[in-house]
Every structure is written in structure tokens, then in C-alpha cells.
Amino acid sequence: VLGTEELFCYLDTYDLELDPHFDGLLGKHSKKPWEKFVTNENQHLVSEEAIDYVSKLLRYDHQERLTAKEAMNHNYFAPVREAAARGASNFNV
């Protein structure tokens with residue numbers, strides 16, 4: 001999903017080396033857009049906020065990932081926060 005180019009950039013940034021065992025296994029793969037994984041069967045579960053949320057969590061570089069607080073404050077959870085603010089105990093996200 002994230003591709004190997006970003007993996008190798010991450011490894012270079014932090015001066016990390018993969019075990020030589022992985023040299024022949026990884027190959028070279030391009031990054032795939034998240035939208036590529038949306039199908040007719042799952043499109044009702046997908047929103048722009050969901051794709052943005054996942055893309056900000058799934059990063060090789062830990063410095064680029066959302067923190068727990070940032071993740072909780074992401075727009076994906078806006079319906080949950082709004083329902084909690086209204087004091088609703090049953091709501092649909």
C-alpha cells in the first residue's frame with residue numbers, strides 16, 4: 001500500500017538497515033492510492049474523512065503519523081464528538 005520508495009526513504013532518514021533476509025523479498029512497489037481499495041461492496045463504509053484518517057495513521061515515519069490526541073481530534077470522529085456533546089447515548093457514525 002505505502003510502496004517501497006517511502007520505506008527506503010524512511011530507512012535512510014533514520015540510518016536504519018533491514019535484515020539482509022528482506023533484500024530479495026521486498027522488490028520495488030509503487031504507492032497505491034487509498035481510493036483504489038474502494039469497491040462497490042465497501043463504498044458505503046468509506047468517506048473522505050476515513051481515507052484521510054487512515055492515510056495519516058499508516059505512515060512508515062513515526063514523526064509523520066498522527067499522535068493519539070491528533071487522531072482523536074480528527075474530523076473522522078466529529079459525529080462521535082457531536083453526539084457526545086449532545087449527550088446522546090445512541091447514535092450512528
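Chains are numbered independently. Their residues run from 1 in the order of the written sequence. For a predicted model such as this one, the threshold for reporting local features is a pLDDT of at least 70, and the threshold for listing and counting side-chain atom pairs is 80 or more; totals across whole chains, interfaces and linings nevertheless cover every residue. Side-chain figures throughout are based on the complete set of non-hydrogen atoms in the structure, without hydrogens or water.

Enquirer: Break down the overall build of the protein for me, with residues and values.
Expert: For the purposes of this entry, the term helix denotes a DSSP run of H or I that reaches at least four residues, the term strand denotes a run of E that reaches at least two, and both are numbered from the N terminus. Counting its secondary structure elements, the protein contains five helices and zero strands. Along the protein, helices (α) and strands (β) appear in the sequence α-α-α-α-α when read from the amino end. With respect to the three principal axes, the spread of C-alpha positions in the protein is 55 × 35 × 20 Å. Burial status follows relative accessibility: with a 1.4 Å probe on protein chains alone, a residue under 20% of its type maximum counts as buried, one over 50% as exposed, and anything between as partly exposed. Considering the protein as a whole, with its 93 residues, one finds that 17% of them fall into the buried category. For this analysis, residues touch if any pair of their heavy atoms sits within 4.5 Å. Taking the intrachain contacts of the protein between residues at least 6 apart in sequence as the baseline, contacts between residues at least 24 apart amount to 46%. Each accessible area value is a Shrake-Rupley result obtained with a 1.4 Å probe; residue values ignore everything except the protein chains displayed when judging cover. Summing over all exposed atoms, the protein offers an accessible surface of approximately 7500 Å²; the carbon and sulfur share of this is 53%. For the protein, the centre of its 10 positive side-chain charges and the centre of its 16 negative side-chain charges are spaced 7 Å apart. The charged-residue count follows a simple rule in which Lys and Arg add positive charge and Asp and Glu add negative charge, with His and chain termini not counted at all. Every charge is mapped onto a representative atom, which is NZ of Lys, CZ of Arg, CG of Asp or CD of Glu.

Enquirer: Requested: an account of the packing of aromatic side chains, with residues and values cited.
Expert: The way to describe two aromatic rings as a pair is by their centre distance and the angle between their planes. Any Phe, Tyr or Trp ring, taking Trp's six-membered ring, that has another such ring centre within 6.5 Å forms a pair; planes under 30 degrees apart are called stacked, those over 60 apart edge-to-face, and the others tilted. Taken as a whole and assessed by the stated rule, the structure comprises five aromatic pairs. Between the aromatic rings of tryptophan 34 and phenylalanine 37, the centroid separation amounts to 6.2 Å while the plane-to-plane angle is 50°, which identifies the pairing as tilted. One aromatic cluster is present, built from ring pairs that chain together Tyr53, Tyr76 and Phe77.

Enquirer: So what's going on with the pattern of salt bridges? Residues and values would help.
Expert: The salt bridge criterion pairs a side-chain nitrogen of Lys or Arg with a carboxyl oxygen of Asp or Glu, the two atoms within 4 Å. Considering all chains together, one arrives at three salt bridges under this definition. One salt bridge connects lysine 31 with glutamate 6, and the closest N-O pair in it is separated by 3.0 Å. Here lysine 31, found in the loop between helix H2 (23-26) and helix H3 (48-57), pairs with glutamate 6, found in helix H1 (residues 4-13); they are 25 residues apart in sequence, far enough to count as distant. In this structure, arginine 59 and glutamate 64 form a salt bridge, with 3.7 Å as the shortest nitrogen-oxygen distance. The class for glutamate 64 is partly exposed, based on a relative accessible area of 45%.

Enquirer: Hey, could you go over the side chain of aspartate 61 for me, with residue numbers and the actual values?
Expert: In this fold, aspartate 61 is placed in the loop between H3 and helix H4 (68-72). Buried and unpaired, aspartate 61 has no salt bridge, with arginine 65 as the nearest side chain of opposite charge at 6.7 Å. In contact with aspartate 61, not counting residues within four places along its chain, are Tyr10 and Tyr14.

Enquirer: Go over a nonpolar patch on the surface with me, naming the residues and quoting the values.
Expert: A cluster of nonpolar side chains, contributed by Phe8, Leu18, Phe22 and Leu25, occupies part of the molecular surface with about 350 Å² of accessible area. Locating leucine 25 in the fold gives a position in helix H2. Exposure above 30% relative accessible area and the lack of any salt bridge qualify a residue for a patch; like charges then connect within 9 Å, and the nonpolar side chains Val, Leu, Ile, Met, Phe, Trp and Tyr within 5 Å.

Enquirer: Just give me the short version of H3, but keep the residues and values in it.
Expert: Residues Ala50, Ile51, Tyr53 and Ser55 constitute the buried set of H3. The inward-facing, buried residues of H3 abut H4.

Enquirer: Break down unusual backbone geometry for me, citing the residues and quoting the values.
Expert: Despite not being glycine, aspartate 15 has its phi angle at roughly 50°, a positive value. Along the chain, aspartate 15 falls in the loop between H1 and H2. Look at aspartate 15 and you get exposed, because its relative accessible area is 69%.

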